[in-house]
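Summary of the model geometry
As a plain string of letters, each chain reads:
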Amino acid sequence: MIKKVFGLAMLMSATLYSAQNSFKIIPLGTYGGGDESNLSSYMAAPLNSENYVALDAGTLRSGIQKAIEKGNFSEKSAAEILQKNIKGYMISHGHLDHVSGMVINSPDDSKKYIYALPSVAKILADDHFSWRTWANFTNAGEAPRLGKYNLITLTSGTEIPVTDTEMEVTAFPLSHVKPYESTAFLLRHGKDYVLYLGDTGSDRVEQIDRLQNLWKQVASLINGNQLKGILIEVSFPNEQPEKSLFGHLTPKLLQEELNTLNSFCKSGKLKQVPVIITHMKPVDDNIEKIKQQLKDQKNSNINYIFPVQGEKIVL
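All values reported here derive from a predicted model rather than from experimental measurement.

Structural notes on the sheet that holds strand β14 (residues 313-314)
Strand order in the open sheet made by the 7 strands is β6-β5-β4-β3-β2-β1-β14, with mixed pairing throughout. Every other strand in the sheet has two partners, leaving β6 (149-153) and β14 as the edge strands with one partner each. The pairing of strand β3 (residues 52-55) with strand β4 (residues 86-90) spans 3 bridges and is classified as parallel. Its bridge partner lying in β4, L55 is registered against M90.

See below:
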């Protein structure tokens, strides 16, 4: 398993540097609900590119403004970055904490692409851009269709180019309270990859093998030193009853899943891959509990990163 580093700098800052860095991630929102200014969204691009995609889009503009304040974009406004640097959205599922920033900002956005599995694209077109809820800025669903956003439906396991970027993407379905689907997006630039998972329950609790299938797919990339990082959710501390997880992970369940992933990897390889913890719910002292429980797990030497809104992560 991955070497655990829990120095103050690692807990407070989400930046790693290595001669092998390939990607940069800018968290626009890190929480799983509760704070509308800081909801799930991560800008991702190759290290030497300014052509980003947004991995989910719960918070956009206020997160971009935080990134500007932290020095990640020079001489640009939040509106300009939204319109010019974000080339598309990869939406894992239709819950509001993953889409509300995109919907609210759509009148001021530029023309671009939304990448989603068919079940997720249908929710976006039928529910969020339905004219009953919001103007239909997509090219699907209820007329009139304004066509600013071109919905690209992804086929599970099939890689396609990400338009106007230097990246490719492959989608894999996840279970977020069976039978409701969420999505994992595997981004590739050249020979290197980064993996982002939307909300997901564990295979054991969901009684399905979606994560195991994903782990089998990415294990060869870990063995080849090609997977530069994993972004995965831990929404609740271990005290949350499994019957009340509603398709989410705890530190204990994440450890179970990483143990499964490790079983498909060569010895010592997984410990080289940073694991970025997303979607912690900011209720009471949940976040502090989650961090401590991840640190205290037995037989775990995971290199966890806790992203901070606006602070760049280099992978």
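Remarks on the sheet that holds strand β12 (residues 275-278)
The 7 strands lie next to each other as β7-β8-β9-β10-β11-β12-β13, forming an open sheet whose pairing is mixed. Edge positions in the open sheet fall to β7 (160-161) and β13 (304-305), since each of these has one partner strand only. Alignment of strand β8 (residues 168-175) against strand β9 (residues 181-189), held across 8 bridges, turns out to be antiparallel. Bridging across to β9, A171 finds its partner in F185.

Some details on the pattern of salt bridges
Applying the stated criterion across every chain yields a total of 12 salt bridges. R188 serves as the salt-bridge partner of E159, at 2.9 Å between the closest nitrogen and oxygen. Taken together, the positions of E159 in the loop between β6 and β7 and R188 in strand β9 put the pair 29 residues apart, joining distant regions of the chain. E159 gets classed as partly exposed once you look at its relative accessible area, which sits at 33%. The network of salt bridges with common partners includes R204, E242 and E256.

Remarks on the packing of helix α7 (residues 210-223) against helix α8 (residues 251-263)
For the pair α7 and α8, the least separation of the axes is 8 Å and the interaxial angle reads 50°. The angle between α7 and α8 places the two elements in the oblique class. Note that α7 runs across α8; the crossing there is right-handed. Listed contacts from α8 to L211, Q212, W215, V218 and I222 of α7 are E257, T260 and L261. Its residues placed into classes, the contact of α7 with α8 shows 5 nonpolar, 2 polar and 1 charged.

Calculation criteria
- Residues numbered from 1 in each chain as written.
- Predicted model: local features only at pLDDT ≥ 70, side-chain atom pairs only at ≥ 80, totals over all residues.
- Heavy atoms only, no water.
- Pairing = 2+ DSSP bridges.
- Helix = DSSP H or I, 4+ residues; strand = E, 2+ residues; numbered from the N terminus.
- Salt bridge = Lys/Arg side-chain N within 4 Å of Asp/Glu carboxyl O.
- Buried < 20%, exposed > 50% of the residue type's maximum accessible area, 1.4 Å probe, protein only.
- Axes fitted to C-alpha atoms, helices over the stretch in contact; angles between N-to-C directions.
- Parallel < 35°, antiparallel > 145°, perpendicular 65-115°, else oblique.
- Left-handed = near helix turned anticlockwise from the far one by under 90°.
- Contact = heavy atoms within 4.5 Å.
- Nonpolar A, V, L, I, M, F, W, Y, C, P; charged D, E, K, R; others polar.

Such coordinate-based values are descriptive only and should not be taken to indicate function.
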